[in-house]
2 protein chains.
Amino acid sequence: MSDHRWKEEIIELGEMGREDSARVTRYEDLDLDKGLFRLEGTEKSKKSKEYIISRMEEAGLEVRYDKVGNIFARKEGSKTGTRAVMSGSHLDSVLNGGMFDGVLGVVGALEAVRRMNDENFDNERPIEVVVFMGEEGSAFKKGLLGSDVAVGKRPLEEALLLTNEANITLDEALKGLGQLGDFEMDFSAIEYFIEMHVEQGPVLDREKVPIGVVENITGITWVTANINGQENHAGTTPMSMRIDPLVAASNIVLLASRRANEMVKKSGGSTVATVGKMVVKPGAPNIIPGSVEMGIDIRDGIEKNMKRLQTEIIHAIKELAEQYKVTVTLDIPIYHPPCPCSGTVVEAIEQAAVDMGIRAMRMNSGAGHDAQNVAQKVKTGMIFVPSVDGVSHSPLEWTDWEDIENGVAVLTSALKQLSRI
Amino acid sequence: MSDHRWKEEIIELGEMGREDSARVTRYEDLDLDKGLFRLEGTEKSKKSKEYIISRMEEAGLEVRYDKVGNIFARKEGSKTGTRAVMSGSHLDSVLNGGMFDGVLGVVGALEAVRRMNDENFDNERPIEVVVFMGEEGSAFKKGLLGSDVAVGKRPLEEALLLTNEANITLDEALKGLGQLGDFEMDFSAIEYFIEMHVEQGPVLDREKVPIGVVENITGITWVTANINGQENHAGTTPMSMRIDPLVAASNIVLLASRRANEMVKKSGGSTVATVGKMVVKPGAPNIIPGSVEMGIDIRDGIEKNMKRLQTEIIHAIKELAEQYKVTVTLDIPIYHPPCPCSGTVVEAIEQAAVDMGIRAMRMNSGAGHDAQNVAQKVKTGMIFVPSVDGVSHSPLEWTDWEDIENGVAVLTSALKQLSRI
């Protein structure tokens, strides 16, 4: 059975990523204390990448490291002068992360190539399997780092000077592990890109649909608000003499949640708004807070909607500041517009699912992915497979083996289609 | 000028309480980094108490330590068999506290006795000046500790086994400093008690009234709520699939504040409700919180109102839990009913102010005081003097010297009245 290859690889990469090298083959084996720590610049990264490279070479691919540590592995096409089809994801994990995030897209792309080999499929276009470096930002602080540099969004020199917790530069770390090459991918020589990934959300699992076809990678913006009131004794300060920043902040939490819900109901879209960070100081039950620091995360597949909600929230914060006499410092530390996927790629993925009788639904990606960088240069799409209970970035992350097989099959079929047009 | 005595004592006790022994004589000298650290069981406490004892002895008082480290200093009365009049407060401070909190009531009571001495006033009843041990709870964790034991609310043995940060028992600490005696105050031999204290709130300062006559020491209750939802990715979890404990918690903040405001408007009472503690976990902007831990402080001078608001809030929390599908663990770690002051003492204080042409207003104490313990046994009242901007438990705590003189004058006059009836 050909699926033994990818299953074995996912299990072994999981084993290599865990501190205690636990071998997890079933959902029941998962353990909250036994997540992956495959950070860039570590021995775990070295071992895992050497493992995948040897598998790539076994599949007959030509493997090159680029100047920022991305891996590109090429299967030539039969028609010279055609632009390539690319697929892949990343191998690095968050701290104490799960065994499918990233790994799935790498192993899936490699498996797709092997299946083409097995059936002597004639891919006219070359196939490139990619492992992007540092997607999670868990070691060198910046997410999407390898793809940022590869598509020219971030200067190489700047990236190589980033440091990890041990104050080692990315340059030193990658050199030390033998992960720096001199290849440079020319993205104008790539026609299509597909990244397969776990959904990291609950939709497919709840809806019992095995394949998600991503239409948009969500836009994301953060609004941070530092709200200052007047710290005071909770017993001796009458209600009428208070300037309580937490009362103002609580209004903001409710407003953001209510408006996002309303927008989804009205448009059927993917709007989300979250207050995940709220630091109340000094934080004693008997002291009226002096300050509240909060971060609001706003996402939408449609930029107009994202902007609108952001504007509404900022406007409301300013009104609340007046109403409650608090002072507010606002900042927008993050603003990434949504990234639409290519219609051609979306349809190729859907067609592949239809051909195999596998149910699929269109959806947005609520998380960021290397695909959004590649999409700046290349017609791009993403395939999602279900995350059990929507759990991700956790040792408890799980995708059923059948669902992975469906994803690999759809990916293989879509890549085959795209490699001949 | 007789006021040189108390002013010098307040300034010198401040000096002894600061790490750097800074001498602060004017508001302009205050420094946020130079507060008092006069914790029980420290050399600062030893020095300060020995200082006040020597001043008490100079004033002809008989000084005794009781079995938990309270100091009682007695001026005999002219009429044998009469019950005494007591006055005083505490000398311990919070960490980085102010120079007036507690100290004022001790020095004020001593000064009142000295003024009686100066004018050969014939006090029929004995006068007891008291320094309660460990009012703030900053070293041995439990507030009102000395008065709790003195009035029999807490067993002596239990109190002596409490430990401080250095894991030293109260017994060892007090013995080491020579602050344990074998006196036991019989509160049935006390007829009246007055504690003078800084208001620790903004009312007198804002209203420009120099004397507050306390009618009730506020009741206080805490409700703590641990709200658990479902930690999730802020981008990949649609609004309709969230169980967000912070949205539930924000409703509670607003409800508590709104209802307290409404109750004050309706009854003109002293109701306050505060959420001062709110810990949101894990606390990243891009993660829907998994849990919120909050503490709600509810106070009122009227127990019925306090209970009513508490019941309403608990009821609302339960309703919100259902509405938002969060689970909530509720606790009521603190419940102290309000403590009404004695009409006789309240009127004696008011009469004293009227006699001297000093404006006074009735008010509630929003903070807890040793007086609430004494009031369980003895007819009790409190005199408040203005706190500049309502600031207390801070190095920036200040009360103008003129206001202290007014307080000392009113206290002296009231004690004189009460010592002859």
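Residues numbered from 1 in each chain as written. Chains lettered and ligands numbered in written order. Predicted model: local features only at pLDDT ≥ 70, side-chain atom pairs only at ≥ 80, totals over all residues.

## As for the overall build of chain A
Argument step 1. When helices and strands are tallied, chain A shows 12 helices and 15 strands.
Argument step 2. In terms of C-alpha radius of gyration, chain A reaches 23 Å, essentially the compact-globule figure of 22 Å for 421 residues.
Argument step 3. Considered along the principal axes of its C-alpha atoms, chain A spans approximately 80 × 50 × 45 Å.
Argument step 4. Across the 421 residues in chain A, those meeting the buried criterion constitute 57%.
Argument step 5. For chain A, restricting intrachain contacts to residue pairs at least 6 apart in sequence, the fraction spanning at least 24 positions comes to 77%. (Helix = DSSP H or I, 4+ residues; strand = E, 2+ residues; numbered from the N terminus. Rg over C-alpha atoms; globule rule 2.2 N^0.38 Å. Buried ≥ 20, exposed ≤ 12 C-beta atoms within 10 Å, placed from the backbone. Contact = placed C-beta atoms within 7 Å.)

## Observations regarding helix α12 (residues 401–418) of chain A
Argument step 1. A rise of 1.5 Å per residue sets the reference length of α12 of chain A, with its 18 residues, at 26 Å; its end C-alpha atoms lie 25 Å apart and thus fit the reference within 8%.
Argument step 2. Most of α12 of chain A is tucked away, with 14 of its 18 residues classed as buried. (Expected span 1.5 Å × (residues − 1).)

## Points about the domain arrangement of chain A
Residue and element names in this part refer to chain A.
Argument step 1. Domain assignment breaks chain A into domain 1 (3–217 + 338–418) and domain 2 (226–336).
Argument step 2. Domain 1 and domain 2 are separated by 36 Å when their C-alpha centres are compared.
Argument step 3. Residue composition of the side of domain 1 that touches domain 2, grouped by class: one nonpolar, three polar and one charged. (Domains from an automatic or database assignment. Nonpolar A, V, L, I, M, F, W, Y, C, P; charged D, E, K, R; others polar.)

## A word on the relation of the copies chain B and chain A
Argument step 1. Overlaying chain B with chain A gives an RMSD of 0.2 Å, the required rotation being 180 degrees about an axis along which the chain moves by 0.1 Å. Given the turn and translation reported, the copies of this chain are related as if by a two-fold rotation axis. By C-alpha distance to the rotation axis, the residue of chain B lying nearest is Ser250 of chain B, at 2.3 Å.
Argument step 2. Both copies present the same face, since 100% of the interface residues in chain B are matched by interface residues at the equivalent positions in chain A. (Least-squares fit on C-alpha atoms with pLDDT ≥ 70 in both.)

## Considering the interface of chain B and chain A
Argument step 1. Every contact between the two is made by 49 residues of chain B and, on the other side, 50 residues of chain A.
Argument step 2. Of all the secondary structure elements, the ones that give two or more residues to the side of chain B that touches chain A are β7 (219–228), β8 (232–233), α8 (245–267), β9 (272–281), β10 (287–288) and β11 (291–300) of chain B.

## What to know about unusual backbone geometry
Argument step 1. For the bond running from Lys281 of chain A to Pro282 of chain A, omega is 0 degrees, close enough to zero to count as cis.
Argument step 2. Notably, Gln200 of chain A is not glycine yet its phi reads approximately 65 degrees, a positive angle.
Argument step 3. Its place among the elements puts Gln200 of chain A in the loop between β5 (190–198) and α7 (203–207).
Argument step 4. The backbone phi angle of Ser21 of chain B is positive, close to 50 degrees, even though this residue is not glycine.
Argument step 5. Structurally, the position occupied by Ser21 of chain B is in the loop between α1 (3–17) and α2 (43–58).
Argument step 6. Residue class for Ser21 of chain B comes out exposed when judged on the 11 C-beta atoms lying within 10 Å of it.

## Thoughts on the packing of helix α10 (residues 343–355) of chain B against helix α12 (residues 401–418) of chain B
Two quantities define a packed helix pair, namely the angle between the axes and the distance from one axis to the other.
All names here are of chain B.
Argument step 1. With their axes 8 Å apart at the nearest point, α10 and α12 run at an angle of 125 degrees to one another. Here α10 lies oblique to α12, going by the angle between them. Of the two possible hands of crossing, α10 and α12 adopt the one that is right-handed. In contact with Val345, Ala348, Ile349, Gln351, Ala352, Ala353 and Asp355 of α10, α12 contributes Val410, Ser413, Ala414, Gln417 and Leu418. (Axes fitted to C-alpha atoms, helices over the stretch in contact; angles between N-to-C directions. Parallel < 35°, antiparallel > 145°, perpendicular 65-115°, else oblique. Left-handed = near helix turned anticlockwise from the far one by under 90°.)

## Section: the pairing of β11 of chain B
Moving residue by residue along a regular strand, the side chains alternate between the two faces of the sheet.
Residue and element names in this part refer to chain B.
Argument step 1. Of all 10 residues that make up β11, eight are buried, and the element is covered over most of its length.
Argument step 2. Direction of pairing for β7 relative to β11: antiparallel, over a ladder of 10 bridges. Considered in β11, the bridge of Thr224 is made with Gly295.
Argument step 3. The sheet contact formed by β9 and β11 spans nine bridges and is antiparallel. Along β11, the bridge assignment pairs Val280 with Val292. (Pairing = 2+ DSSP bridges.)

## Focus: the environment of Asn70 of chain B
Residues and elements named next belong to chain B.
Argument step 1. Its place among the elements puts Asn70 in the loop between β1 (62–65) and β2 (71–75).
Argument step 2. Here the alpha-carbon distance between Asn70 and Leu36, two residues 34 residues apart in the chain, equals 20 Å.
Argument step 3. If we skip the residues at most four places from it in the chain, Asn70 touches Val130, Val131, Phe132, Met133, Gly146 and Ala150.

## Here's the deal with the environment of Val346 of chain B
All names here are of chain B.
Argument step 1. Residue position: Val346 is located in helix α10.
Argument step 2. Note: C-alpha distance between Val346 and Asn286 (60 residues apart in sequence) is 56 Å.
Argument step 3. With near-sequence residues (within four places) excluded, Val346 lies in contact with Val213, Glu215, Cys341 and Gly381.

## A look at the environment of Asn286 of chain A
Argument step 1. Its place among the elements puts Asn286 of chain A in the loop between β9 (272–281) and β10 (287–288).
Argument step 2. Linking Asn286 of chain A and Asn232 of chain A, residues 54 residues apart in sequence, is a C-alpha distance of 8.8 Å.
Argument step 3. The residues touching Asn286 of chain A, leaving out its near neighbours within four places in the chain, are Ala234 and Gly235 of chain A together with Gly276 and Asp297 of chain B.

## Considering the packing of helix α3 (residues 103–118) of chain B against α12 of chain B
All names here are of chain B.
Argument step 1. The N-to-C vectors of α3 and α12 enclose an angle of 60 degrees; their axes lie 9 Å apart at closest approach. As judged from the angle between their axes, α3 and α12 are oblique. The element α3 and its partner α12 pack so that their crossing is right-handed. Within the contact between the two elements, α3 uses Leu104, Gly108, Glu111, Ala112, Arg115 and Met116 and α12 uses Ile404, Gly407, Val408, Leu411, Thr412, Leu415 and Lys416.
Argument step 2. By residue class, the composition of the contact of α3 with α12 is seven nonpolar, three polar and three charged.

## As for the confidence of the model for chain A
Argument step 1. Mean pLDDT for chain A: 96, with 99% of residues reaching 70 or above.
Argument step 2. Here the complex is predicted with pTM 0.85, and the ipTM for its interfaces comes to 0.86. (pLDDT = per-residue confidence, 0-100.)

## A short note on helix α3 (residues 103–118) of chain A
All names here are of chain A.
Argument step 1. For α3, spanning 16 residues, the distance from its first C-alpha to its last is 22 Å, which sits close to the expected 22 Å at 1.5 Å a residue.
Argument step 2. Most of α3 sits inside the fold, with 13 of its 16 residues counted as buried.
Argument step 3. One or two steps after α3, the chain reaches Asn120, where phi turns positive at roughly 50 degrees.

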